[in-house]
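# Architecture and fold: a report
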Amino acid sequence: MQAPVLAIVDDDRDFGACLADVADRVGIRTRLLPSLAEAVPWLAGNDADLTMLDMTLPDGTGLELLERLPLKRHGQIVFVSGTNDAESIRRAVSTTATEFISKPLREDVLERLLQTTQDRYRQRLQPPGTPLLGLSPAMDAVRADIARVAPTGLNVLIAGETGTGKELVAAAIHQASGRRGRLVSVNCGALPAELMASQLFGHERGAFTGANARHAGFFEQAAGGTLFLDEIGEMPPALQVFLLRVLETRRIVRVGGTEEVPVDVRIVAATQRGMQTLGTDPGLRPDLFYRLGRYVIEMPPLRARGEDVFLLADAFIDALNREHRGDKRLDPHCRTGVMHHAWPGNVRELMAATERAYLVSDGDLVNVVPLLHTMAAPPVEDASSVLFRVGMSLQEIQDAMLHRTLAFHGGDKTATARSLGVSVRTIHNQLARSRGHG
Amino acid sequence: MDERPIHRLRNELNVISVGLIALKRRLTAEQAQEMQPTLERVSLALARCADLVATPPADTQSRIEQD
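### Topic: unusual backbone geometry
Residue and element names in this part refer to chain A.
- For the bond running from Lys 103 to Pro 104, omega is 0 degrees, close enough to zero to count as cis.
- Within the element layout of this structure, Pro 104 appears in the loop between β7 (99-102) and α5 (107-125).
- Even without a glycine there, the phi angle at Arg 325 is positive, about 50 degrees.
- Here Arg 325 lies in the loop between α12 (308-324) and β15 (329-330).
- Positive phi values are uncommon outside glycine, yet Trp 343 reaches one of about 50 degrees.
- Overall, the presence of 23 C-beta atoms within 10 Å leaves Trp 343 in the buried class.

Structure representation (structure tokens):
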């Protein structure tokens with residue numbers, strides 16, 4: 001069976017075994033490579049979607065391994081090391097490795113890495129030029145936005161919840177722009193703050209200890225193309241000032257250098273903030289927001305895309321059928337549950353739920369149900385939930401549920417009615433009654 | 001100061017951290033709920049240890065002494 005592959009190059013076998021256990025549970029195959037002698041031939045002959053690499057190995061260093069590998073065929077390479085030596089860290093991030101993570105590995109970091117691995121694997125399976133799926137008016141508007149803005153060269157800000165497909169929009173803008181350079185994608189939340197400047201703008205030889213050669217940053221790598229800056233609000237404020245200056249002057253200065261280098265790069269940035277709160281993102285400087293936000297594309301949450309949810313589930317099942325040479329289809333009995341679920345993780349959550357359902361189904365029908373979280377979190381009220389206390393009247397519960405669901409769907413009474421399983425007329429009547437009580 | 005003991009400690013904490021993540025994912029929802037206070041306490045202790053060993057050895061020693 002095909003699956004994303006994680007290569008663990010680390011001589012700590014307990015770490016490797018635990019990590020393999022966690023990865024296996026989310027459908028990622030692992031390969032433990034405890035030494036250079038084992039890692040070099042295996043990685044030279046096999047594709048890995050993610051390689052987690054220790055700096056110190058029994059017969060060499062992770063840096064040596066990188067020098068001996070055909071890096072182009074490998075996905076993400078991440079150093080995970082117990083070293084705190086600044087020079088080693090700088091040397092590590094001067095290579096094609098995308099990230100340096102200090103041990104101990106945190107749960108949220110590991111989850112992000114595994115998620116990225118699955119996303120990259122799915123992107124690898126997807127034929128190039130795959131359109132943004134969806135027949136809803138909200139997705140028509142997104143496609144119209146892309147067609148309108150792509151050829152203009154304007155910088156674009158994409159706003160949308162996690163899992164709505166912001167990177168796909170960035171790729172579609174790049175593809176439709178006619179720009180000949182590459183699309184370079186950077187997650188600002190994943191880069192260590194102290195190394196971000198060097199990664200974005202590059203550095204000159206001798207800029208710091210271990211900088212043995214000039215390094216082209218993401219701006220230069222995306223020359224003539226598009227630079228996608230995901231989670232732009234996570235960029236340190238000081239760097240946002242530099243970014244603003246680059247946007248204004250279209251020139252960069254490499255770290256440790258004085259020469260201004262002209263760059264022709266289109267910026268597409270993304271934030272998880274919704275349209276209503278875009279300008280109030282505390283992580284994003286207002287002047288940078290105004291510079292980037294001249295054209296904003298809003299990615300709709302899956303819950304606001306109506307029957308697109310079935311279209312997407314069908315498309316995922318088709319892709320899985322092709323991959324596994326199967327002939328399965330969505331179980332009609334799960335349609336109500338799929339439609340009524342809020343999908344807080346949006347398309348990514350639907351994709352994961354579909355994939356899981358596909359793999360566990362014995363017959364021809366795929367019964368998609370939302371994934372259950374292993375860890376039951378304590379109940380906390382938020383935008384997608386209502387906490388009821390013993391002692392509340394049924395009327396209070398009904399009103400609270402109605403208003404929270406309405407807010408969740410952005411005031412869309414049709415979506416609210418569908419979600420609550422009642423008619424739109426009932427929603428109007430309930431609201432009128434509620435106002436009467438208030 | 002010799003960095004190696006702290007380096008080793010980071011590696012040990014790493015096994016505990018990923019082992020804990022693996023353990024949490026093996027628990028059923030019911031078991032997870034039952035063990036939640038303990039798991040939270042262990043996670044907090046681990047985060048605190050990770051924070052301590054994240055700093056250079058000299059600082060770590062003085063911070064441990066202060067605590």
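Now that the structure has been shown, the text picks up again.
### Quick look at the sheet that holds strand β1 (residues 5-9) of chain A
Residues and elements named next belong to chain A.
- One open sheet accounts for five strands, arranged β2-β1-β3-β6-β7; its pairing is parallel. Looking along the sheet, the strands with just one partner apiece sit at the ends: β2 (29-33) and β7. Put simply, the sheet's adjacent strands are angled 20 degrees from each other on average, direction ignored.
- The strands that helix α1 (residues 13-25) touches are β1 and β2; relative to β2, the one it contacts most, it runs at about 170 degrees.
- Against the sheet, helix α2 (residues 36-45) makes contact with β1, β2 and β3 (50-53), and its axis sits at roughly 140 degrees relative to β2, the strand it touches most.

### Here's the deal with the environment of Leu 420 of chain A
- Relative to the assigned elements, Leu 420 of chain A resides in helix α16 (residues 413-420).
- You can call Leu 420 of chain A partly exposed: it has 18 C-beta atoms within 10 Å.

### Some words on the interface of chain A and chain B
- Every contact between the two is made by 22 residues of chain A and, on the other side, 21 residues of chain B.
- At seven residues, α1 of chain A tops the list of elements feeding residues into the side of chain A that touches chain B.
- Each residue belonging to the side of chain A that touches chain B can be placed in one class, and the counts come to 10 nonpolar, five polar and seven charged.

### A short note on the confidence of the model for chain A
- On average, residues of chain A carry a pLDDT of 83, and 86% of them reach 70 or more.
- Throughout residues 373-379 of chain A the model reports pLDDT below 50, and contacts reaching past four residues in sequence, or to other chains, amount to 11 contacts.

### A few points about the environment of Val 184 of chain A
Residues and elements named next belong to chain A.
- Counting through the fold element by element, Val 184 comes out in strand β9 (residues 183-187).
- The exposure class of Val 184 is partly exposed, given the 19 C-beta atoms found within 10 Å.
- Spatially, the C-alpha atoms of Val 184 and Ala 222 are 5.7 Å apart, while their sequence positions differ by 38 residues.
- Other than its neighbours up to four places away in sequence, Val 184 contacts Phe 218, Gln 221, Ala 222, Gly 225, Leu 227 and Phe 228.

### Notes on the confidence of the model for chain B
All names here are of chain B.
- On average, residues of chain B score 83 in pLDDT, and 79% of them are at 70 or above.
- Element-level mean pLDDT values for chain B span from 51 in helix α3 (residues 57-66) up to 93 in helix α1 (residues 4-26).
- Taken over the whole predicted complex, pTM reads 0.54, whereas the ipTM for its chain interfaces reads 0.86.

### A short note on helix α6 (residues 137-149) of chain A
- With 13 residues, α6 of chain A ought to run about 18 Å at 1.5 Å a step, and its terminal C-alpha atoms sit 18 Å apart, in line with that.
- On its buried side, α6 of chain A packs onto β8 (156-159), α7 (166-177), β14 (296-298) and α12 of chain A.

### Section: the nonpolar core
All names here are of chain A.
- Of all hydrophobic cores here, the largest spans 42 residues; its most connected members are Ile 158, Val 169 and Ile 173.
- For this core, the elements supplying multiple residues, two or more each, are α6, β8, α7, α8 (196-201), β10 (226-230), β13 (266-271) and α11 (286-292).
- No other element matches the six residues that α7 contributes to this core.
- Within the second largest apolar cluster, 32 residues are counted, among which are Val 9, Val 22, Ile 28 and Met 55.

### A word on the packing of α1 of chain A against α1 of chain B
- Contact geometry for α1 of chain A and α1 of chain B: axes closest at 9 Å, N-to-C directions at 30 degrees. Considering their axes alone, α1 of chain A and α1 of chain B lie roughly parallel with respect to each other. At the point where α1 of chain A passes α1 of chain B, the crossing takes the left-handed sense. The residues of α1 of chain B that touch α1 of chain A, namely those facing Asp 14, Phe 15, Cys 18, Leu 19, Asp 21, Val 22 and Arg 25 of chain A, are Asn 14, Val 15, Val 18, Gly 19, Ile 21, Ala 22 and Arg 25 of chain B.
- Looking at the contact of α1 of chain A with α1 of chain B residue by residue, the classes come out as eight nonpolar, two polar and four charged.

### As for the sheet that holds β8 of chain A
Residues and elements named next belong to chain A.
- Strand order in the open sheet made by the five strands is β9-β10-β13-β8-β14, with parallel pairing throughout. The strands lining the two open edges of the sheet, one partner per strand, are β9 and β14. On average, each strand axis in the sheet is inclined to that of its neighbour by 20 degrees, with strand direction left out of account.
- Of the strand pairs in this sheet, β9 and β10 are connected by five bridges, and their pairing is parallel. Paired with Val 184 across the strands is Leu 227, a residue of β10.
- Where α7 meets the sheet, it contacts β8, β9, β10, β13 and β14, and its direction lies at approximately 170 degrees from that of β10.

What counts and how
- Residues numbered from 1 in each chain as written.
- Chains lettered and ligands numbered in written order.
- Predicted model: local features only at pLDDT ≥ 70, side-chain atom pairs only at ≥ 80, totals over all residues.
- Helix = DSSP H or I, 4+ residues; strand = E, 2+ residues; numbered from the N terminus.
- Buried ≥ 20, exposed ≤ 12 C-beta atoms within 10 Å, placed from the backbone.
- Pairing = 2+ DSSP bridges.
- Axes fitted to C-alpha atoms, helices over the stretch in contact; angles between N-to-C directions.
- Contact = placed C-beta atoms within 7 Å.
- Nonpolar A, V, L, I, M, F, W, Y, C, P; charged D, E, K, R; others polar.
- pLDDT = per-residue confidence, 0-100.
- Expected span 1.5 Å × (residues − 1).
- Core = buried A, V, L, I, M, F, W, Y, C linked by C-beta atoms within 7 Å.
- Parallel < 35°, antiparallel > 145°, perpendicular 65-115°, else oblique.
- Left-handed = near helix turned anticlockwise from the far one by under 90°.

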